[in-house]
Amino acid sequence: MVKFNDTYVRPLINGGEYKNMRQKVSEAVDTLKNKTGAGSDYLGWVDLPENYDRDEFSRIKEAAEYIKNNADVLVVIGIGGSYLGARAVIEALKSQNYNLLKKDTPQIYFIGNSISPSSLNEIVSLCEGKDIAVNVISKSGTTTEPAIAFRVFRELVNSKYSKEEAAKRIFCTTDKNKGTLKELAEKEGYATFVVPDDVGGRYSVLTAVGLLPIAVAGIDIDALMKGALDERNACLSGDEAPLSYAAYRNYFYKNGKRLECFISYEPCMAMFNEWLKQLFAESEGKDGKGLFPVSCIFSTDLHSLGQFIQESGSTLMFETAVKFEKCENDYVIKTQEGNLDGLNFLSGENMSVVNEKARLGTLLAHTDGGVENFVLSVDNLDEYGIGSLIYFFEYACAVSGYTLGINPFNQPGVESYKKNMFALLGKPGYEDEKERLEKQLGL
């Protein structure tokens, strides 16, 4: 369960204004529960931890076991919500150095999330001489970045294995009934998993989109779903934590704050922060509204961004820190002969204690500097804790978006760059636009 601590924020706010915002949050909750708001056809994530497809869940586990037993490398192809959630969970629970650690699970590489030829060629070279499997994730099968990558890795699989063996090594997570990728999978005999119609990409980590790669990494997806389920039950029962968080976010936005900085004191949470940035940016950044999400890993970034946050952040931002109450892999600081670094006063101390004192010291310094700080905490950095955090943020984001007065489930601005790119590349049907854009660019 996620706990919310606003101890260092409460004294800094106008109680009457916050009370009014909290009332708006209650109205937003009603909108969400009654499915009367914009984008209500994308609320499948709300009950997903309870109503997920058990048969597909079993097939995900079976596919993961097949990949673990038959592949040295899993190549995951997708962009945005089709890769961020899975990578965030894997790195949080298995380390950002997952591929370098000695283990009995395949290396996992994520590709199709950029159009960089150097990045693509690098992953191809890492697959040389290894048995590979591919999980391509795309609802349509025609999104440019993953489609290019899938061309390359499908050809690689087909050239390395027989037709029958190749079909066993390609897994497609796509639309249930239609689309280019679905048609290809049926034609070639690839195993398929479903991108649900009522769950948007940034909310899809607890569907097959995220669960297959996560399971291949050896992560207990039952425990992940249990954490999400318990958090879901708490949220729908009126737990105050996500509602207070949503209310404070909107309160600070109304009072001039423009950035929310997601903070963790664990480097393995860096990709989880990236998932949070997509979740909130795509959900709330529209109609000229929304907080701009940024992130830091402390204490690392205190030595690069700390100066700015401390002395110039008060009019611009607030911080949301995620804390894990227990440390499962601690380190005891030893005595150094001669005390050359002057740190023998820490001898015999757990490093986790030092990290916690750094967190508290930073919290006090930043709040003294006018940068408000919330703390969200769970007991452990494990499957249950991460599942809880995933659902907490999804729910709080949806409620916060409705409070802001926007549709939290669409992303109309994402299409603009695609249209320009297609025109500049000469895609049929974009001829007039190509001429206009080239004139604008002076080409």
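Before reading on, note that the structure itself is shown above.
Residues numbered from 1 in each chain as written. Predicted model: local features only at pLDDT ≥ 70, side-chain atom pairs only at ≥ 80, totals over all residues. Heavy atoms only, no water.

(A) Spotlight on the overall build of the chain. Summing up its helical and strand segments, the chain has 17 helices and ten strands in all. Here the C-alpha atoms of the chain give a radius of gyration of 23 Å, agreeing with the 22 Å that 2.2 N^0.38 yields for 443 residues. In terms of overall dimensions, the chain has C-alpha extents of about 65 × 60 × 50 Å along its principal axes. In the chain, of all internal contacts separated by at least 6 residues, the share reaching a separation of at least 24 is 79%. Here the chain displays about 20500 Å² of accessible surface, and carbon together with sulfur accounts for 50% of that area. Here the chain holds 48 positive side-chain charges and 62 negative ones, and the gap between their average locations is 3 Å. (Helix = DSSP H or I, 4+ residues; strand = E, 2+ residues; numbered from the N terminus. Rg over C-alpha atoms; globule rule 2.2 N^0.38 Å. Contact = heavy atoms within 4.5 Å. Areas by Shrake-Rupley, 256 points an atom, 1.4 Å probe, with all protein chains shown as cover. Lys, Arg positive; Asp, Glu negative; His and termini not counted. Charge placed at Lys NZ, Arg CZ, Asp CG, Glu CD.)

(B) Molecular detail of helix α11 (residues 240-254). Over its 15 residues, α11 extends 21 Å from the first C-alpha to the last, a length consistent with the 21 Å expected when each residue adds 1.5 Å. Following α11 by one or two positions, glycine 256 adopts a phi angle in the positive range, close to 105°. (Expected span 1.5 Å × (residues − 1).)

(C) Geometry of the packing of helix α4 (residues 84-94) against helix α15 (residues 383-404). Viewed as axis vectors pointing N to C, α4 and α15 meet at an angle of 145°, and their least axial separation amounts to 10 Å. Handedness of the crossing formed by α4 with α15: right-handed. Side by side, α4 and α15 meet where Val89, Ala92 and Leu93 of the first sit next to Glu383, Ile386 and Ile390 of the second. Partitioning the contact of α4 with α15 into residue classes produces five nonpolar, no polar and one charged. (Axes fitted to C-alpha atoms, helices over the stretch in contact; angles between N-to-C directions. Left-handed = near helix turned anticlockwise from the far one by under 90°. Nonpolar A, V, L, I, M, F, W, Y, C, P; charged D, E, K, R; others polar.)

(D) Structural view of the side chain of glutamate 231. When you line up the elements, glutamate 231 lands in helix α10 (residues 221-236). Although glutamate 231 is buried, it forms no salt bridge, and the closest oppositely charged side chain is lysine 3 at an N-O distance of 8.8 Å. Residues in contact with glutamate 231, not counting those within four places in the same chain, are Met1, Val2, Asp239, Ser388, Tyr391 and Phe392. (Buried < 20%, exposed > 50% of the residue type's maximum accessible area, 1.4 Å probe, protein only. Salt bridge = Lys/Arg side-chain N within 4 Å of Asp/Glu carboxyl O.)

(E) View of unusual backbone geometry. With omega at 10°, the peptide bond leading from phenylalanine 298 into serine 299 counts as cis. With respect to the secondary-structure elements, serine 299 resides in the loop between β8 (292-297) and α13 (306-312). Positive phi values are uncommon outside glycine, yet lysine 35 reaches one of about 55°. Looking at where lysine 35 falls in the secondary structure, it is placed in the loop between α1 (15-34) and α2 (48-51). Backbone geometry places aspartate 287, a non-glycine residue, at a positive phi of 55°. Mapped onto the elements of the fold, aspartate 287 is located in the loop between α12 (270-284) and β8.

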